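# Structure assessment
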Amino acid sequence: MTENNLLSVIIFAPLAGAVINWLIGGRLRNELFSGVIACGAIAVSAAVAFYLAFVAGGGALFIDKPILDHIWTWISVGGFRADFALGMDRLSGVYACFVTFVGFFIHVFATGYMKGDDGFYRFFAYLNLFMFAMLTLVLADNYLLMFVGWEGVGLCSYLLIGYYLKKNEAREAAKKAFVMNRIGDWGVLMAIFLTFTLTGSISFFDKTVGGEEVQSVFTWVLQNVTAAEPFTWGAIVAGGLTTIGVLLFIGATGKSAQIPLLTWLPDAMAGPTPVSALIHAATMVTAGVYLVVRSNVIYQLSPTAMWIIAIVGAATAIFAATIAIAQNDIKKVLAYSTVSQLGFMFLAAGVGAFVVAIFHVMTHAFFKALLFLGSGSVIHGMHHEQDMRKMGNLKKYMPITCVTMATGWLAIAGIPIFSGFFSKDEILYKTFAADKYFQNGAFPGNEFLWIVAVITAVLTAIYMTRMMIMTFWGDERWSEPPAVAGGLTHDSATHDEHADGHHDAHGDDNDEHHALPPNFKPHESPWVMTVPLIVLAFLSTVGGLVGIPYAMSSLVGIKDANAFEHVLEPVVADVETPAAVKARENAKAHSPEAVSTERWLALLSTVMAVFGIAVGFLLFRNNPLRKMPKILEQKWRLDEFYNGYIVDPLTNLSRKRLWQGFDLGFIDGAVNGIGSFVMALGNIVRGVQVGYVRTYAAFILLGALAVIGYFIYFGFKLL
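Residues numbered from 1 in each chain as written. Predicted model: local features only at pLDDT ≥ 70, side-chain atom pairs only at ≥ 80, totals over all residues. Heavy atoms only, no water.

## Concerning the pairing of strand 2 (residues 67-77)
To keep it simple, the criterion reads: Only when DSSP finds a minimum of two bridges between them are two strands counted as paired. By definition, any uninterrupted DSSP run of H or I lasting at least four residues is a helix, any uninterrupted run of E lasting at least two residues is a strand, and each is numbered from the N terminus.
Both strand 1 (residues 2-3) and strand 2 contribute to a ladder of two bridges, which runs parallel. Residue pairing in the sheet places Thr-2 in a bridge with Ile-67 of strand 2. Bridging between strand 2 and strand 3 (residues 80-88) involves nine bridges; their strand directions are antiparallel. Considered in strand 3, the bridge of Asp-69 is made with Leu-86. Taking the residues that link successive antiparallel strands as the turn, the strand 2-strand 3 hairpin has two residues, and the phi of Gly-78 there is positive, at about 60 degrees.

Spelled out as structure tokens, the structure:
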């Protein structure tokens, strides 16, 4: 155990930035001040995170023991202990580095994107507050403090999605995100309660605090659970590790937008585009994956829970991909793409490839942040237009945005050597060969899941190609009549929230569309917006080289090039069940058969990615406004299904039965009825209060006679 108080700086620097921007920035109303404070706070966090991860004490990414920082003992009651303490091991170190690094460039981008906005200081205060919550989540050394960060990012997401207070769509989307996240949070809380009941601890790390030994949850499990729980439905409600795993995953479905709690994420695009890039692509939505991987000891002994995660992940991936292919709003395409990619990450975790899941989290943070910021640059240059049917040929006017977004497109499509290729290929291979690497032996249905994943990968290449063609290729459509540009008028199209370079006096409702001026020409974004694109494009291109699998690197004579896997290997616990031991042996063996299989699958994956891009060009190059199936445009009518069968019945039940029936009818009726009865009784009694002494004396006499009569009656009965 290594103590280092610098860990606190990582989380408290953004908090300080939020407070300064709120208290001082609100008074100064100076964009330079607010921007410098916000970006500076994240820069400090990033510098300290990288120092602790790579340098201090050997670097948290390379040493066996975590770096800890005990700030104070938060709760200590009986056997229950929860510290306000931070810990950086290899997993949280990776997260802290890419969250702060990508977050910094998104902050820089936002200083240009939000220029001229009346709530500039408020936006950056929220953004810094979100970073504080997110870093608390990943650096917490126990489940309860992690839950504080978990709730914090939910609150900040609500504030940022609903940033445009006068925009009804934003308010509704913020409320939807908040409610859906709370549904999932119920699962996390129940899991924490059950974890403490079973293990007597909620700590992630073994440590000594004030001479007291604190055992982690995972050490307890490894020492006391020697066999995996049965692979049955009954295990879900048995109250053991499987129950904990399923409850944690319920929370993950809410935070990471998986079936059935996925509809809030696309609606969250009502927030400013930098918010979409930071919260809904690179950081918060991957918290569910972090939770599952952090708890991998529990999952390795819960095959039922892992199987559920894999099934839900695969189903979400293909379901969201089919919707993305028919959307015309550039941010909605990326939103459904994010949901789909999150499904890939859970598929990897579900088949036991925990390191691969985190690898895809990191590469996804690079290329999806790039794509979202690129879409923001497009919207900025298009005078708030988000509808791709009104774009076209923007490569002529926005060359930097086009080239950088192209790297993100190739990365997510899975083209070698871009970052997404390596992580996605590993997911496909680990799914196909799950019987070899799954910690509980044979994995039922892994071939079917692999087919679903391959189809999803092809769909991904197609819809991303469609997005690029509609945006950057073809004819210029912004000046065409509505009938040509997809039959939409400017008033009916969706628009972004931002006033572009023309940031003249806009209020909080500056998301409304501003009519295109005569002879309008799109323009490239300023350098504060293009520099982050260039940096992220570089990472989207070469970021995957840190995780080249053995089957690929051995082709050129390098047998041990997967640095990312070696760094995170210790995060995955060595469960000593026979199946888990066998899975580890298979993973380390690199048998010729396995290497050959992975190479052929990688080749197939590449061919399918190229095939998807080719299909995209064939379908949309000459007809970018090709009509897509209505059911896909309507998102499988999922919102209608939710509203018709869940939201509306619950609303009616709440309004008519619980509020009007039970609350107003029974509760209020009972209280008001008692009050009315007492008032009526009081009115009757008040009639005898006439104010004459003789009347009161008569009542006293009658009372005395009644008492005397009582004693006389019962006195004679005793004789």
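## Observations concerning helix 16 (residues 399-413)
Owing to its 3.6 residues per turn, the α-helix brings residues three or four apart onto one side. Put simply, the rule is: Helix span, as expected, comes to 1.5 Å for every residue beyond the first. Using a 1.4 Å probe on the protein chains alone, a residue whose accessible area is under 20% of its type maximum counts as buried, one over 50% counts as exposed, and one in between counts as partly exposed. Here a residue-residue contact requires only that any non-hydrogen atoms of the pair lie within 4.5 Å.
Taking 1.5 Å as the rise per residue, helix 16 with 15 residues should run 21 Å; its terminal C-alpha atoms sit 21 Å apart, in good agreement. Judged by how many residues are buried, helix 16 sits mostly within the fold: eleven of 15 residues are covered. For helix 16, every residue scored as buried is listed here: Thr-401, Cys-402, Thr-404, Met-405, Ala-406, Thr-407, Gly-408, Trp-409, Ala-411, Ile-412 and Ala-413. Next to the buried residues of helix 16 lie helix 14 (330-350), helix 15 (354-381), helix 17 (419-432), helix 19 (446-472), helix 20 (527-542) and helix 24 (592-620). Once helix 16 ends, the next one or two residues include Gly-414, with phi positive near 90 degrees.

## A word on the sheet that holds strand 2
As a reminder, the rule being used: Angular values range over 0 to 180 degrees, each being the angle between N-to-C directions of two axes fitted as lines to C-alpha atoms, with helices fitted over their stretch in contact.
Pairing is mixed across the open sheet formed by three strands, whose spatial order is 1-2-3. The open sheet terminates on both sides in strands that have one partner only, identified here as strand 1 and strand 3. This element, helix 1 (residues 6-28), spans strand 2 and strand 3 of the sheet and lies at about 90 degrees to strand 3.

## Some points on the nonpolar core
Spelled out, the test is: Here, the term nonpolar core denotes a set of buried Ala, Val, Leu, Ile, Met, Phe, Trp, Tyr and Cys residues that are joined through side-chain atoms within 4.5 Å.
One finds Tyr-95, Phe-130 and Tyr-143 to be the most contacted residues of the largest nonpolar core, which totals 225 residues. For this core, the leading source of residues is helix 15, giving 18 residues. When near neighbours in sequence (up to four residues on either side) are disregarded, Tyr-95 contacts Val-138, Thr-286, Val-289, Tyr-290, Ile-358 and Val-361.

## Observations regarding the packing of aromatic side chains
Quick note on the threshold: Pairing of aromatic rings covers Phe, Tyr and Trp, the last through its six-membered ring, and needs centres within 6.5 Å; plane angles under 30 degrees mean stacked, over 60 mean edge-to-face, and all others mean tilted. When the NZ atom of lysine or the CZ atom of arginine is within 6 Å of a ring's centre and also within 35 degrees of its normal, the charge is said to sit over that ring.
Across all of its chains, the model carries 41 aromatic pairs by this definition. Both rings, one in Tyr-95 and one in Phe-98, keep their centres 5.0 Å apart while their planes meet at 45 degrees; by these two values the pair is tilted. You can see Tyr-95 and its partner Phe-98 sitting in helix 3 (residues 90-113), three residues apart, about one turn around the helix. The class for Phe-98 is buried, based on a relative accessible area of 4%. With centroids separated by 5.5 Å and ring planes inclined at 75 degrees, the aromatic side chains of Phe-249 and Phe-346 adopt a geometry described as edge-to-face. With Phe-249 in helix 8 (residues 241-255) and Phe-346 in helix 14, this residue pair connects regions lying 97 residues apart in the sequence. Comparing Phe-249 with Phe-346 shows no difference in burial state: the two are buried. An aromatic cluster is built from Phe-50, Phe-54, Phe-62, Phe-101, Phe-104 and Phe-105, whose rings are joined through pairwise contacts. Sitting over the face of the ring of Phe-344, Lys-424 holds its NZ or CZ atom 5.5 Å from the ring centroid. Lying across the ring of Tyr-437, Lys-430 places its NZ or CZ 4.1 Å from the centre.

## Observations regarding the pattern of salt bridges
Here the idea is simple: oppositely charged side chains can pair when their charged atoms come close. Operational definition: Salt bridges are defined by distance alone: a side-chain nitrogen of Lys or Arg within 4 Å of a carboxyl oxygen of Asp or Glu.
Scanning all chains against the criterion turns up 17 salt bridges. In this structure, Lys-627 engages Glu-633 in a salt bridge whose closest nitrogen and oxygen atoms are separated by 3.4 Å. Of the residues examined, Lys-627 reaches a relative accessible area of 65% and is grouped as exposed. Put simply, Arg-81, Asp-83, Asp-141, Lys-207 and Glu-212 are held in one network by salt bridges that share partners.

Read these as spatial facts, not as claims about activity.
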